[in-house]
Amino acid sequence: MKISEADRELDEILSRGHDEREAVNIKKIFWEDLFNYKGGIDRALHTREMIVFRDAMRKLERGLPIQYVTEIAFFYNYRFEVNEAVLIPRPETEELVYKMLSDRVEGKVLDIGTGSGCIAVTIKCRRPNCDVEAIDVSSRAIEVAKRNAEKHDATIKFQNLDFLDEKSWFSLERYDVIISNPPYISRDEISEMSISTLEHEPAVALFPEDEDVLIFYKKIAAFGKDHILPGGKIYLECNEFNALEVKALFQENGYEKVEIEQDLQGKNRMIIVG
């Protein structure tokens, strides 16, 4: 089978659940990331490539996001392994990391809910002098994050622990920077979310298990009182619909400087404390 013939099959599958713009983007990722094909000669797929192609098509038919099909996602121009144990990195999280890096803060960094490790690994790669630690409740996510750190030669201390359990805090130190993209989506927003996200991305990384949608921010505010070093800062991604509530929460907990930052879409998506 030639690439042109395979591409027509891909078009057929993508036409069932994606608009034209989405299909074009998915096709580009599909051919580049799986086959290193960026156009040119309409060559034949060899036997191994055909196996990869058929497996990928089955995954697309099941509705998997293209990043889970290729098991590749890019974050801050770094290539990360992703699978259904971790969230697919989002552009707004890149903006959170950019904000932290642009502030030129260094020292000991804690990434809460590391997932694929994209935040922790990027910080370590861009700020080699930082001492980076990353935690996650999912042991499967920690394994993915460890592999990503190894691929990028990033020395990071990983711990598999439940941050909501305050007893686990005794194994954590004091930090110059705390950064997190915690679960913050209310289950009331499910009807607005894509089916592929709901069916394939880990719910534990999307929705707080507690009925309180702000539970992670409350815990981080409490944790920071004893675990943030003098002059330290906290960087948090948040839901645009409750950013004001998160800001008020930190102010009520005695944090004097709490700012809301907007993303490139003009939405209130970041909380900067300190």
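Residues numbered from 1 in each chain as written. Predicted model: local features only at pLDDT ≥ 70, side-chain atom pairs only at ≥ 80, totals over all residues. Heavy atoms only, no water.

Caption draft 1: Summary view of the side chain of Thr-122. Tracing the sequence through the fold places Thr-122 in helix α6 (residues 118-126). Engagement of the side chain of Thr-122 in a polar contact is seen with the backbone oxygen of Cys-118, the distance being 2.6 Å. In this structure, Thr-122 is in contact with Phe-75, Tyr-76, Tyr-78, Phe-80, Val-97 and Gly-117, ignoring residues within four places of it in sequence. (Helix = DSSP H or I, 4+ residues; strand = E, 2+ residues; numbered from the N terminus. Polar contact = N/O pair within 3.5 Å; in protein donor to acceptor, adjacent residues only side chain to side chain. Contact = heavy atoms within 4.5 Å.)

Caption draft 2: Region of interest: the pairing of strand β9 (residues 268-273). The element β9 is extensively covered by neighbouring structure, given that 5 of its 6 residues are classed as buried. Pairing analysis gives 4 bridges linking strand β7 (residues 228-237) to β9, with the strands arranged antiparallel. Its bridge partner lying in β9, Glu-237 is registered against Met-270. Where strand β8 (residues 258-262) and β9 come together, 5 bridges link them in antiparallel fashion. Within the sheet, the bridge partner assigned to Val-258 lies in β9 and is Val-273. With antiparallel pairing between neighbouring strands as the criterion, β8 and β9 make up a hairpin whose turn holds 5 residues, including Gly-266 at a positive phi of roughly 80°. (Buried < 20%, exposed > 50% of the residue type's maximum accessible area, 1.4 Å probe, protein only. Pairing = 2+ DSSP bridges.)

Caption draft 3: Inspection of the packing of aromatic side chains at higher detail. Per the stated rule, a full pass over the model turns up 12 aromatic pairs. Each ring, one from Phe-30 and one from Phe-53, has its centre 6.0 Å from the other, and the planes form 85°; the classification is edge-to-face. Within this pair, whereas Phe-30 is found in helix α2 (residues 20-35), its partner Phe-53 is found in helix α3 (residues 47-61), the two being separated by 23 residues in sequence. Under the relative-accessibility criterion, Phe-30 is labelled buried at 0%. Residues Trp-31 and Phe-35 carry aromatic rings whose centres are separated by 5.1 Å and whose planes lie at 45° to one another, so their mutual orientation is tilted. With Trp-31 and Phe-35 both in helix α2 and 4 residues apart, the pair spans about one turn of that helix. Assessed through its relative accessible area of 6%, Trp-31 is described here as buried. Here Phe-35 falls in the buried class, since its relative accessible area comes to 7%. (Phe/Tyr/Trp six-rings, centres within 6.5 Å; stacked < 30°, edge-to-face > 60°.)

Caption draft 4: Representation of α6 in the model. Here α6 lies mainly inside the structure; 7 of its 9 residues are buried. Among the residues of α6, those classed as buried are Cys-118, Ile-119, Ala-120, Val-121, Thr-122, Ile-123 and Lys-124.

Caption draft 5: Just the pairing of strand β1 (residues 72-75), in detail. In this structure, β1 lies alongside strand β2 (residues 78-81), joined through 4 bridges in antiparallel fashion. Bridge pairing in β2 links Phe-74 to Arg-79. Here β1 hands over to β2 after 2 residues, with Tyr-76 in that stretch at a positive phi of 60°.

Caption draft 6: Structural view of the nonpolar core. Core analysis: the biggest nonpolar cluster contains 34 residues, and Phe-163, Leu-172, Tyr-217, Ile-234 and Phe-250 have the highest contact counts within it. Put simply, the parts of the chain that give this core at least two residues each are β3 (108-112), β6 (175-180), α10 (215-227), β7, α11 (243-252) and β9. At 6 residues, the largest contribution of residues to this core is made by α10. Setting aside anything within four residues of it in sequence, one finds Phe-250 in contact with Tyr-217, Ile-220, Ala-221, Ile-234, Leu-236, Tyr-255, Val-258 and Val-273. (Core = buried A, V, L, I, M, F, W, Y, C linked by side-chain atoms within 4.5 Å.)

Caption draft 7: Local environment of the sheet that holds β3. Strand order in this open sheet of 7 strands is β5-β4-β3-β6-β7-β9-β8, and the pairing throughout is mixed. Of all the strands in the sheet, the pair left with one neighbour each is β5 (156-160) and β8. Neighbour to neighbour, the strand axes of the sheet diverge by 20° on average, direction disregarded. Pairing of β3 with strand β4 (residues 131-136) involves 5 bridges; the strand directions are parallel. Looking at β4, one finds that Leu-110 is bridged to Glu-133. Lying on the sheet, helix α5 (residues 91-102) is in contact with β3, β6, β7, β8 and β9; it crosses β7 at an angle near 160°. Here α10 sits on the sheet and contacts β3, β6 and β7; the angle it forms with β7, its principal contact strand, is near 165°. (Axes fitted to C-alpha atoms, helices over the stretch in contact; angles between N-to-C directions.)

Caption draft 8: Looking closely at the pattern of salt bridges. Applying the stated criterion to the full structure yields 25 salt bridges. Its salt-bridge partner being Asp-55, residue Arg-58 comes within 3.9 Å of it at the nearest N-O pair. Taken together, the positions of Arg-58 and Asp-55, both in helix α3 and 3 residues apart, correspond to about one turn of that helix. Taking the relative accessible area as the measure of exposure, Asp-55 reaches 33% and is therefore partly exposed. Salt-bridge contacts for Lys-108 lead to Asp-131; the nearest nitrogen and oxygen are separated by 3.1 Å. Taken together, the residues span a long stretch of sequence, with Lys-108 in strand β3 and Asp-131 in strand β4 at a distance of 23 residues. By relative accessible area, which is 41% here, Asp-131 ends up partly exposed. Taken together, the salt bridges that share partners define one network made up of Lys-99, Asp-103, Lys-233 and Glu-261. (Salt bridge = Lys/Arg side-chain N within 4 Å of Asp/Glu carboxyl O.)

By themselves, these figures tell us nothing about what the structure is for.
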